[in-house]
Amino acid sequence: MSLNAELQTFYQARRLQMPADVRDTMARATLALTESGQAERAVSAGDRAPLFDLPDAAGQSVRLAEALAAGPVVLVFYRGGWCPYCNLALRALQQVHDQITARGARLIALSPQTPDDSAALADKQQLTFDLLTDPGCETAKLYGLSFDIGDELAAVYQRIGLDLDRTNAGHARTLPIPAAYVIAADGTIAWSLADADYTRRAEPADVLAALDRLGRVDAV
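What this report covers is the structure whose coordinates are included nearby. Bear in mind the structure is a predicted one, so any value in this text is a computation, not a measurement. (Residues numbered from 1 in each chain as written. Predicted model: local features only at pLDDT ≥ 70, side-chain atom pairs only at ≥ 80, totals over all residues. Heavy atoms only, no water.)

### Overview of the packing of aromatic side chains
Each aromatic ring pair is summarised here by two numbers: the centre-to-centre distance and the angle between the ring planes. Threshold: Any two rings among Phe, Tyr and Trp, with Trp reduced to its six-membered ring, count as a pair given centres within 6.5 Å; such a pair is stacked if its planes are under 30 degrees apart, edge-to-face if over 60, and tilted if neither. A helix here means a DSSP run of H or I that spans at least four residues, while a strand means a run of E at least two residues long, and both kinds are numbered starting from the N terminus. For the exposure calls, accessible area comes from a 1.4 Å probe over protein chains only, and a residue counts as buried if that area is under 20% of its type's maximum, exposed if over 50%, partly exposed in between. Over a ring means this: the NZ of a Lys or the CZ of an Arg is within 6 Å of the ring centre and within 35 degrees of the ring normal.
Enumeration according to the criterion identifies 6 aromatic pairs in this entry. Ring centres of Phe 10 and Tyr 85 lie 5.3 Å apart, and the angle between their planes is 85 degrees; this geometry places the pair in the edge-to-face category. A residue pair is termed long-range when its members are at least 10 positions apart, and Phe 10 in helix α1 (residues 3-17) and Tyr 85 in helix α5 (residues 84-95) qualify at 75 residues. Under the relative-accessibility criterion, Phe 10 is labelled partly exposed at 28%. Relative to Tyr 181, the ring of Tyr 143 lies with its centre 5.3 Å away and its plane at 55 degrees, an arrangement referred to as tilted. One end of the pair, Tyr 143, is in the loop between α8 (138-142) and β6 (146-148); the other, Tyr 181, is in strand β8 (residues 179-183), with 38 residues separating them in the sequence. Sitting over the face of the ring of Tyr 198, Arg 79 holds its NZ or CZ atom 4.1 Å from the ring centroid.

Printed below as a string of structure tokens:
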């Protein structure tokens, strides 16, 4: 089963368990973000990847420029460990992590959650790649992915016990549009996918295919 087929199966089961008003609020928020066109305006293939210097789950600094000096980077933006769709996507990437590194690339995932929450997520999901903290989604903003949730959705999150103020260290309203990038060693984005619908994510197979195409170009 593809990742997106798994995500949709999960979504259909989950929506049946939700109160109608919660489900409708989330759907309206997703539709509004989709119709805004922000995902289409985000940094994409052919652009230069904005650089960053962010802490990993252990608090150690990770610089994109240094990572690229060693080879291509697969960069993923996700909402946080509280998001079940993010967890499914991260686990799917973990399953191909060895194939990513075998292609000479490094996998890095960014979210606004604290390093402690990233460490807990890595332990729970047995993730072995970099989970970096992007405070206030400042790096996501550079990529055109940062947005603020509205009052209605914020109230729903609070109602269901999601404390984004704590998880995101005081930035309760700001989240990234989920996205994935394959960045060549020279800093050029070779492939990208950003989707305002958080229930859809980049397929690991497409990421690997993009790395393979990048490898063929480098070999010429």
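### Focus on the pattern of salt bridges
Put simply, the rule is: The rule for a salt bridge is simple: a side-chain nitrogen of Lys or Arg has to be within 4 Å of a carboxyl oxygen of Asp or Glu.
As enumerated under the stated definition, the model contains 10 salt bridges in all. Notably, a salt bridge pairs Arg 159 with Asp 21, separated by 2.5 Å at the nearest N-O pair. Placement of the pair is Arg 159 in helix α9 (residues 151-159) and Asp 21 in helix α2 (residues 20-36), with a sequence separation of 138 residues. If you follow the salt bridges from partner to partner, you end up with Asp 53, Arg 63 and Glu 66 in one network.

### What to know about the pairing of strand β3 (residues 73-77)
Residues in a regular strand project their side chains so that they alternate between the two faces of the sheet. Definition in use: A pair of strands is treated as paired once DSSP finds two or more bridges between them.
Among the 5 residues that make up β3, 5 are buried, leaving the element largely enclosed by the rest of the structure. Because side chains alternate across β3, one face comprises the buried residues Val 73, Leu 75 and Phe 77, and the other comprises Val 74 and Val 76, equally buried. Direction of pairing for β3 relative to strand β4 (residues 106-111): parallel, over a ladder of 5 bridges. Paired with Val 76 across the bridge in β4 is Ala 109. In the sheet, β3 pairs with β8 via 5 bridges, with the strands oriented antiparallel.

Don't take any of this as a statement about function, it's just geometry.
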